[in-house]
Amino acid sequence: MTHLRLAGVIRESIVDGPGIRLVVFAQGCPHHCPGCHNPNTHDPSGGYDSSVENIIEAVKKNPLLSGVTLSGGDPFAQAPGLAELATEVHALGLNVVTYTGYTFEQLLAGAGQQPGWQNLLEQTDILIDGPFLLKEKTLTLPFRGSRNQRVLDVPASLAQGRAVEYPL
């Protein structure tokens, strides 16, 4: 059973990616962005223990889901376990959205050194990247908290070796 440290789970959301989504809030974030929407997720020792299996069981109970969103905290702080979860989500025919304070370029550069980063990238369909910037805060852009953040098509981005915007 793969151990995950979570801040919480929302069983149905329409604001954390396309369609109806189950949202997993990972506990732990190295970014500590001023004005963060989820500051309670920063401390890696906060939250509670869960498992990939528990989350997959919750996903299976809702036939209306389009996919699972990995938020936080920063999912890349727990990349190996969340990559495993994303693999299981894909096996159910659903998609995966991942939020991160890192940019796509930072993730690519660190993928060889950071455990699980490459796997989590490869198991992500849509990436919302970049730190939350209070001076760029917006309530008008879909799925983002600040204007600097991008919504990326990860398979296309990996294939082209550069960030490719997801068509909204």
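The following refers to the structure shown.

Basis of the calculations
Residues numbered from 1 in each chain as written. Predicted model: local features only at pLDDT ≥ 70, side-chain atom pairs only at ≥ 80, totals over all residues. Heavy atoms only, no water. Helix = DSSP H or I, 4+ residues; strand = E, 2+ residues; numbered from the N terminus. Rg over C-alpha atoms; globule rule 2.2 N^0.38 Å. Buried < 20%, exposed > 50% of the residue type's maximum accessible area, 1.4 Å probe, protein only. Contact = heavy atoms within 4.5 Å. Areas by Shrake-Rupley, 256 points an atom, 1.4 Å probe, with all protein chains shown as cover. Lys, Arg positive; Asp, Glu negative; His and termini not counted. Charge placed at Lys NZ, Arg CZ, Asp CG, Glu CD. Core = buried A, V, L, I, M, F, W, Y, C linked by side-chain atoms within 4.5 Å. Expected span 1.5 Å × (residues − 1). Axes fitted to C-alpha atoms, helices over the stretch in contact; angles between N-to-C directions. Parallel < 35°, antiparallel > 145°, perpendicular 65-115°, else oblique. Left-handed = near helix turned anticlockwise from the far one by under 90°. Nonpolar A, V, L, I, M, F, W, Y, C, P; charged D, E, K, R; others polar. Phe/Tyr/Trp six-rings, centres within 6.5 Å; stacked < 30°, edge-to-face > 60°. Arc of directions from axis to C-beta.

### A short note on the overall build of the chain
Working step 1: Looking only at helices and strands, one finds five helices and seven strands in the chain.
Working step 2: When the elements of the chain are put in sequence order from the N terminus, they spell out β-β-β-α-β-α-β-α-α-β-β-α.
Working step 3: The C-alpha radius of gyration computed for the chain amounts to 15 Å, which stays within 12% of the reference 15 Å derived for 168 residues, consistent with globular compactness.
Working step 4: Taken along the three principal axes of its C-alpha coordinates, the chain extends 40 × 35 × 35 Å.
Working step 5: Here the chain holds 168 residues, and the buried ones make up 50% of them.
Working step 6: Taking contacts inside the chain between residues at least 6 apart in sequence as the whole, the part at least 24 apart equals 65%.
Working step 7: As presented, the chain carries roughly 8,100 Å² of accessible surface, and 54% of it is formed by carbon and sulfur atoms.
Working step 8: A gap of 7 Å separates the mean positions of the 11 positive and 16 negative side-chain charges of the chain.

### Some remarks on the nonpolar core
Working step 1: By size, the foremost hydrophobic cluster in this structure holds 33 residues, and its most contacted members are L22, V24, I55, L70, F76, L85 and L127.
Working step 2: Elements supplying a minimum of two residues to this core: β1 (3-13), β2 (21-26), α1 (52-60), β4 (67-71), α2 (79-91), α3 (104-110) and α4 (117-122).
Working step 3: Ranked by residues supplied to this core, first place goes to α2 with six residues.
Working step 4: The contact partners of L127, leaving out residues within four places of it in the chain, are F76, T98, T100, F104, L107, L121, R150, V151, L152 and V154.
Working step 5: Judged by nonpolar contacts, the second largest core, of six residues, contains V97, I126, I128 and V151.

### Description of α2
Residues spaced three or four apart along an α-helix point in a common direction, a consequence of the helix completing one turn every 3.6 residues.
Working step 1: Taking 1.5 Å as the rise per residue, α2 with 13 residues should run 18 Å; its terminal C-alpha atoms sit 18 Å apart, in good agreement.
Working step 2: For α2, every residue scored as buried is listed here: A79, G81, L82, A83, L85, A86 and V89.
Working step 3: If you follow the buried residues of α2, they end up packed against β1, β2, α1, β4, β5 (95-99) and α4.
Working step 4: Directly after α2, the chain includes G93, whose backbone phi takes a positive value near 85°.

### Here's the deal with the packing of α1 against α2
Working step 1: Relative orientation of the contacting elements α1 and α2 amounts to 30°, with a least axis distance of 10 Å. It follows from the interaxial angle that α1 and α2 lie roughly parallel. The two elements α1 and α2 meet at a crossing, and its hand is right-handed. Contacts from V52, I55 and I56 of α1 reach α2 at G81, E84, L85, E88 and V89.
Working step 2: Looking at the contact of α1 with α2 residue by residue, the classes come out as five nonpolar, one polar and two charged.

### Observations regarding the packing of aromatic side chains
Working step 1: The full count for this structure, using the stated rule, is two aromatic pairs.
Working step 2: When the centroid spacing of 5.9 Å and the interplanar angle of 85° are considered together, the rings of F76 and W117 count as edge-to-face. Pair noted here: F76 is in the loop between β4 and α2 and W117 is in helix α4, with a separation of 41 residues, a long-range link.
Working step 3: In this structure F76 comes out as buried when scored by relative accessible area, which is 4%.
Working step 4: Relative accessible area serves as the criterion here: at 7%, W117 is assigned to the buried category.

### Concerning α1
Working step 1: Considered for burial, the residues of α1 that qualify are V52, I55, I56, A58 and V59. Along the axis of α1, the buried positions cluster into a sector of 155°, meaning they face one direction only.
Working step 2: The inward-facing, buried residues of α1 contact β1, β2, β3 (48-51), β4 and α2.

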